[in-house]
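Letter by letter, the chains look like this.
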Amino acid sequence: MRIAVLTDIHYSSIEKKTCGARETGIADILFRRAIERLNRLVRPDLTIIAGDLVNRGDLEYGHHDMLVIAECLKRLHSPFIVIPGNHDAPAEEFYKYFPQPERIVDFGGLRFVINPSDKECPGYNAWRAQNDIDLIAEARRGFAGHIITLQHTPCYPPGTADCLYNYTNSAEINAAEAANGVLLSISGHHHEGFKPYRAVNGVTYFAAPALCEEPFNISYVDIDVITGKMQWYTNALRMDKRLNLTDTHIHTHFAYCNENISLEKTQYFANIFGLKSFMLTEHSGHLLCARNQYHAAQYQQTDFQTENWRGNQYFKEMLSGNMPPERIGLEADIRFDGTWLAHPRDLQRAGIIIGAIHEMRPLALKEKLTSQKLKEYFLLHCQAILKNGCLSLAHPFRIFRRAGIEIPAGCFEPLVKMLKESGTAVEINFHTNEPPIEFFKMAINAGVRITLGSDAHNLYEIGDFALHLDFLKKCGINTNYEDVLLEVQ
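All of the points below concern the structure found in this document. Bear in mind that the values here come from a model prediction, so they are computed numbers and not experimental data.

Examining unusual backbone geometry
Part 1 of the argument: Residue proline 215 is bonded to the preceding glutamate 214 through a cis peptide linkage, with omega at 10°.
Part 2 of the argument: Its place among the elements puts proline 215 in the loop between β11 (204–207) and β12 (217–223).
Part 3 of the argument: Its identity as a non-glycine residue notwithstanding, aspartate 52 has a phi of 55°, on the positive side.
Part 4 of the argument: A positive phi angle, near 60°, is found at tyrosine 124, a position not held by glycine.
Part 5 of the argument: Of note, tyrosine 124 is situated in the loop between β6 (119–121) and β7 (125–127).
Part 6 of the argument: Since its relative accessible area comes to 48%, tyrosine 124 is described here as partly exposed.

And the structure:
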């Protein structure tokens, strides 16, 4: 059974940063990124949210902040248990916003003892009432499996962990845990976290690191529910800076499909998420067309209105935001006739162009074509993109995934050949997409270079390459990424 632990989010809609290192003002974005990482890569059976979801649950705006985090939490695919911390509202108020668990919860063959109402003591320590300590013995009664206790403040035998915080009556709690064969005690609160420590009484104590501080860690453990054997992992939301990764596909507020992007925040997130560099590649068709014209303009003849063209504003704003010209570019949309859906002036001054297929006439018009004909149509689009010239081909097969149909047989080999002959890279992209591993293995083996694109329309997506690196590992590339990734200045 896999259990993920997130803790100490400390979201604040008022305070940008607190205690020097806590990224409270963007903690909702960090939480969203963590949830997406759990959903798509970690895939836990159960997730524990171990408290301090907001920074000031005692103040009026803290109620708004709890609503924000509660909305984020709805995106989590796994079942979860959430408990309040000392920065959150008291339990009776806290659970107006979050699902309230029973005090004893059975899940996946394990039994959890939940402690949401322990009292805070001076020095950010805690204290547990005797009737709550007795809950451990109640949980053991008639249950032969493994027990896990959950609390916000670490509760461990004094002297066994390098931690500033504990329970003032930890000796009594630890004795009850030992007497009743508790397997694991999970907590948060100590932002550095500490590695699992197996004390002499057989209980493993674990304090998860804070999500709100770099490198923005997620923790998870695989537990054998029969033997109790545990394997621990930590997964940082920030990319390893030593990898020198570049995100070649980030959108701006000019995208009609933008969710919360701004240039200033993009630059900030690219830095804290460990990127070497990033490129702005805005939809060329979004800059050229009105919102209600864009899709149809890709598969049929359309008259363009000068008043809809926003290319001048796009380049002017990005340059005024201190973006180097060579990193201001386009995701160039291809039209049905093989030309770019783009203003010539935009193409001329773009520092980078990546090519993409977002619509194809037979799919848009729901024409009934054989798989062979659809393959030919697709490859003609790809050929036109490569002939027009671009750095890389973005999400090459996503058009079929979005249409809900299988990739036509026989597409992979000819596209690899086209890419190789034209010297064009191909992009690994997971934005509403699952790239086909067979194709990318073929491309890598043929010497086609790879680019990494987050295709970010939301700040949480910027430079999140955990899935990309896992994908490269499945393609046989575990290290030496420079051997396959295109070097982009």
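Comments concerning the layout of surface pockets
Part 1 of the argument: Put simply, the largest pocket is a space of about 570 Å³.
Part 2 of the argument: Taken together, 27 residues line the largest pocket, and the ones lying closest to its centre are His358, Glu359, Ile399, Arg402 and Ala403.
Part 3 of the argument: Elements supplying a minimum of two residues to the lining of the largest pocket: α8 (294–297), α11 (361–364) and α13 (398–403).
Part 4 of the argument: Of the residues forming the lining of the largest pocket, the biggest block, 4 residues, is contributed by α13.

Details of the packing of helix α1 (residues 27–42) against helix α16 (residues 466–474)
Part 1 of the argument: As a packed pair, α1 and α16 sit with axes 10 Å apart at the nearest point and diverge in direction by 15°. When the axes of α1 and α16 are compared, the pair comes out roughly parallel. Here the hand of the crossing between α1 and α16 comes out right-handed. Of the residues in α16, those in contact with Arg37, Arg40 and Leu41 of α1 are Ala466, Leu467 and Asp470.
Part 2 of the argument: Of the residues assigned to the contact of α1 with α16, the class counts are 3 nonpolar, no polar and 3 charged.

Regarding the packing of aromatic side chains
For any two aromatic rings, the description comes down to two numbers: the centre-to-centre distance and the angle of the planes.
Part 1 of the argument: Evaluation of the coordinates by the stated rule reveals 18 aromatic pairs.
Part 2 of the argument: An angle of 85° between the planes, with centres 6.1 Å apart, marks the rings of phenylalanine 216 and phenylalanine 273 as edge-to-face. Here phenylalanine 273 lies in the loop between α6 (263–272) and β15 (277–283) and phenylalanine 216 lies in the loop between β11 and β12, a separation of 57 residues in the sequence. There is no split in this pair, since phenylalanine 216 and phenylalanine 273 are both buried.
Part 3 of the argument: Seen in terms of ring centroids, phenylalanine 397 and phenylalanine 412 are 5.1 Å apart; in terms of plane orientation they differ by 65°. Their pairing is edge-to-face. On the criterion of sequence distance, the pair formed by phenylalanine 397 in the loop between β18 (392–393) and α13 and phenylalanine 412 in helix α14 (residues 412–422) is long-range, its members being 15 residues apart. An identical accessibility class is assigned to phenylalanine 397 and phenylalanine 412; each is buried.
Part 4 of the argument: Here the aromatic cluster, defined as three or more aromatic residues joined through ring pairs, consists of Phe378, Phe397, Phe400, Phe412, Phe430, Phe439, Phe440 and Phe471.
Part 5 of the argument: In this structure, lysine 16 packs its charged tip against the face of tyrosine 268, placed 6.0 Å from the ring centre.

Looking at helix α9 (residues 311–320)
Part 1 of the argument: For α9, the full list of buried residues reads Gly311, Tyr314, Phe315 and Met318. Along α9, the residues classed as buried sweep out an arc of 90° about the axis, all on the same side. Turned more than 90 degrees away from the buried face of α9 sit Lys316 and Ser320, all of them exposed.
Part 2 of the argument: Along its buried surface, α9 packs onto α6, β15, α7 (284–288), β16 (328–333) and α10 (344–349).

As for empty space enclosed by the protein
Part 1 of the argument: Scanning all chains against the criterion turns up 1 cavity of 30 Å³ or more.
Part 2 of the argument: Empty space within the largest cavity amounts to approximately 40 Å³.
Part 3 of the argument: His251, Thr252, His253, Ile261, Ser262, Leu263, Thr266, Leu280 and Met318 together form the lining of the largest cavity.
Part 4 of the argument: Across the lining of the largest cavity, the residue classes break down as 4 nonpolar, 5 polar and no charged.

A look at the pairing of β11
Part 1 of the argument: Judged by which residues are buried, β11 turns out to be covered on both faces: Thr204 and Phe206 on one side and Tyr205 and Ala207 on the other are all buried.
Part 2 of the argument: The pairing of strand β9 (residues 182–187) with β11 spans 4 bridges and is parallel. Looking across to β11, one finds that serine 185 is bridged to tyrosine 205.
Part 3 of the argument: The pairing of strand β10 (residues 194–198) with β11 spans 3 bridges and is classified as antiparallel. Within β11, the residue paired with tyrosine 197 across the bridge is tyrosine 205.
Part 4 of the argument: Linking two consecutive strands that pair antiparallel, namely β10 and β11, is a turn of 5 residues; a positive phi of about 90° is found at glycine 202 within it.

Description of the environment of alanine 178
Part 1 of the argument: Secondary-structure assignment places alanine 178 in helix α5 (residues 170–179).
Part 2 of the argument: When the C-alpha positions of alanine 178 and asparagine 201 are compared, they lie 5.5 Å apart, and in sequence the two are 23 residues distant.
Part 3 of the argument: With residues up to four places along the chain from it excluded, the contact list for alanine 178 reads Asn201 and Val203.

With respect to the side chain of histidine 191
Part 1 of the argument: Structurally, histidine 191 can be placed in the loop between β9 and β10.
Part 2 of the argument: At 3.1 Å, the side chain of histidine 191 forms a polar contact with the side chain of aspartate 8.
Part 3 of the argument: A polar contact is formed between the side chain of histidine 191 and the side chain of histidine 10, at a distance of 3.2 Å.
Part 4 of the argument: Every residue in contact with histidine 191, bar those within four places of it in the chain, is listed here: Asp8, His10, Arg22, Pro209, Ala210, Cys212 and Glu213.

A look at the nonpolar core
Part 1 of the argument: Core analysis: the largest hydrophobic core is formed by 127 residues, its most contacted members being Phe31, Phe98, Phe112, Phe378 and Leu415.
Part 2 of the argument: Not counting residues within four places of it along the chain, the set of residues in contact with phenylalanine 112 comprises Met1, Ile3, Leu46, Ile81, Arg103, Ile104, Val105, Phe107, Ile148 and Leu150.
Part 3 of the argument: Ala139, Ile147, Cys155 and Phe194 belong to the second largest nonpolar core, which has 22 residues in total.

About the cut-offs
- Residues numbered from 1 in each chain as written.
- Predicted model: local features only at pLDDT ≥ 70, side-chain atom pairs only at ≥ 80, totals over all residues.
- Heavy atoms only, no water.
- Helix = DSSP H or I, 4+ residues; strand = E, 2+ residues; numbered from the N terminus.
- Buried < 20%, exposed > 50% of the residue type's maximum accessible area, 1.4 Å probe, protein only.
- 1 Å grid on protein atoms, 1.4 Å probe; cavity = no way out; pocket = protein on both sides within 12 Å on 5 of 7 lines; lining within 4 Å.
- Points joined across faces, edges and corners; volume = space filled by probe spheres on them.
- Axes fitted to C-alpha atoms, helices over the stretch in contact; angles between N-to-C directions.
- Parallel < 35°, antiparallel > 145°, perpendicular 65-115°, else oblique.
- Left-handed = near helix turned anticlockwise from the far one by under 90°.
- Contact = heavy atoms within 4.5 Å.
- Nonpolar A, V, L, I, M, F, W, Y, C, P; charged D, E, K, R; others polar.
- Phe/Tyr/Trp six-rings, centres within 6.5 Å; stacked < 30°, edge-to-face > 60°.
- Lys NZ or Arg CZ within 6 Å of the ring centre and 35° of its normal.
- Arc of directions from axis to C-beta.
- Pairing = 2+ DSSP bridges.
- Polar contact = N/O pair within 3.5 Å; in protein donor to acceptor, adjacent residues only side chain to side chain.
- Core = buried A, V, L, I, M, F, W, Y, C linked by side-chain atoms within 4.5 Å.

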